[in-house]
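# Coordinate inspection notes
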Amino acid sequence: MKSRPYGYPISQPNERRSSFDNHIQRRLSALRNQFADGKAYQAMLDSGDALVYEVYENRRPEVAGELLSGLSIVHPGCVGNEYFMTKGHYHSVRETAEIYFCMEGKGVLVMESEAGETAVEEFYPGRVVYVTPRWAHRSINTGGEDLVTFFVYPGHAGHDYATIDATGFRKRVLDHGGVPTIVDNPEWSGVNA
Ligand code: S6P
Ligand code: ZN
C-alpha cells in the first residue's frame, strides 16, 4: 500500500484494472428479495446469474483520516420493470458522508434516513451527489448504457447491508413505458411501516 501521495487515471475502461487493486462483481443472486417482481427475478436467475454491477476500489486502511475511493458500474437492465440497482447500504458508522461523481450513463441515487426521510438525486455525466451522514444509498441505472460513478467516503465508515436487506428501500424506481418513475415500495418493512 502506498505511503506517498499518488494519482491514477480512471476515464478509460482499460484503465480500471491497472488503477484499482480490488474488483467486486455482484450478480443477480446477490440481490435476492430486493426486486419487486419475484417471478421475473426467479425467471431471470434460472436463465443465468446476470452480472448486475461491479465495483473497482483502492484498498486503504479502514480508519478515520483515510479516504476510500473507486468506481461503481451498474450495468443496464431490468428485472420485470425495475431497473438494475446496487444492494444499497447504510454506513456502519452513521456519521459518515459520501460523494459520488457521475462519469458515464444515466440513473439516480435513491436515499433514505432511519428517521423516514427519502431523497432521489439524478446521475448524469458531470453531476455530483453528496450523501449526507445517516442516509442509506442505492445506485440505479435508468439508461441503456453502463452507469459509471466515482465515489469517495471516509475510511472508517464500514457497510451495514443488514438493515436494508431486512427492510428494503422505501422507494422503488420502475420503468413505466420508458419513463423512470419513483413509486412507494409497499413491501417496505421497517419499524415505521
Ligand atoms: C461505498 C459506496 C459504493 C458502493 C457501490 C456498490 O460506501 O457507497 O462504493 O459500495 O456503489 O453498492 P453496494 O450497496 O453493493 O455496496
Ligand atoms: Zn456508501
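Look a little higher up for the structure.
Okay, so let's go over this structure. (Residues numbered from 1 in each chain as written. Chains lettered and ligands numbered in written order. Predicted model: local features only at pLDDT ≥ 70, side-chain atom pairs only at ≥ 80, totals over all residues.)

## A short note on the overall build of the protein chain
Heads up, the condition is: Comment: elements are numbered from the N terminus, with helices defined as DSSP H or I runs of at least four residues and strands as E runs of at least two. As defined in this context, the radius of gyration uses C-alpha atoms, and a globule is described by 2.2 Å times the residue total to the power 0.38. Labels follow a simple rule on C-beta atoms placed from the backbone: if 20 or more others lie within 10 Å of a residue's own, it is buried; if 12 or fewer, it is exposed; otherwise it is partly exposed. C-beta atoms are placed from the backbone for every residue, and two residues are taken to be in contact when these atoms lie within 7 Å.
Scanning the protein chain from terminus to terminus reveals three helices and 13 strands. Whereas a compact globule of 193 residues would reach a radius of gyration of roughly 16 Å, the protein chain reaches 16 Å, a difference of no more than 12%. In terms of principal-axis extent, the alpha carbons of the protein chain reach across some 50 × 35 × 30 Å. Every one of the 193 residues in the protein chain was classed for burial, and the buried ones make up 27%. Once local pairs closer than 6 in sequence are excluded, the contacts in the protein chain between residues at least 24 apart make up 69%.

## Quick notes on the sheet that holds strand β10 (residues 135–141)
Here is the rule we go by: Strand pairing is defined by DSSP finding a minimum of two bridges between the two strands. Convention adopted: a line fitted to C-alpha atoms gives each axis, helices being fitted over their contacting stretch, and angles between N-to-C directions are expressed from 0 to 180 degrees.
Reading across the sheet, the three strands line up as β8-β7-β10 and stay open at both edges, with antiparallel pairing between neighbours. With one partner strand each, in any of the chains shown, β8 (118–123) and β10 form the two edges of the open sheet. Averaged over all adjacent pairs, the angle separating strand axes in this sheet is 20°, with direction ignored. Relative to β8, strand β7 (residues 107–113) runs antiparallel, the two being bridged by six bridges. Note that in β8 the partner of Met-111 across the bridge is Ala-119.

## Things to note about the sheet that holds strand β1 (residues 22–27)
The six strands are arranged β1-β2-β3-β11-β6-β9 in an open sheet whose pairing can be described as antiparallel. Since the sheet does not close on itself, it has two edges, and those belong to β1 and β9 (128–131), each with one partner. The average undirected angle you get between the axes of adjacent strands in this sheet is 20°. Two strands pair when backbone bridges link them, and β1 and strand β2 (residues 51–58) are joined in this way by six bridges, in the antiparallel orientation. Looking across to β2, one finds that His-23 is bridged to Tyr-56.

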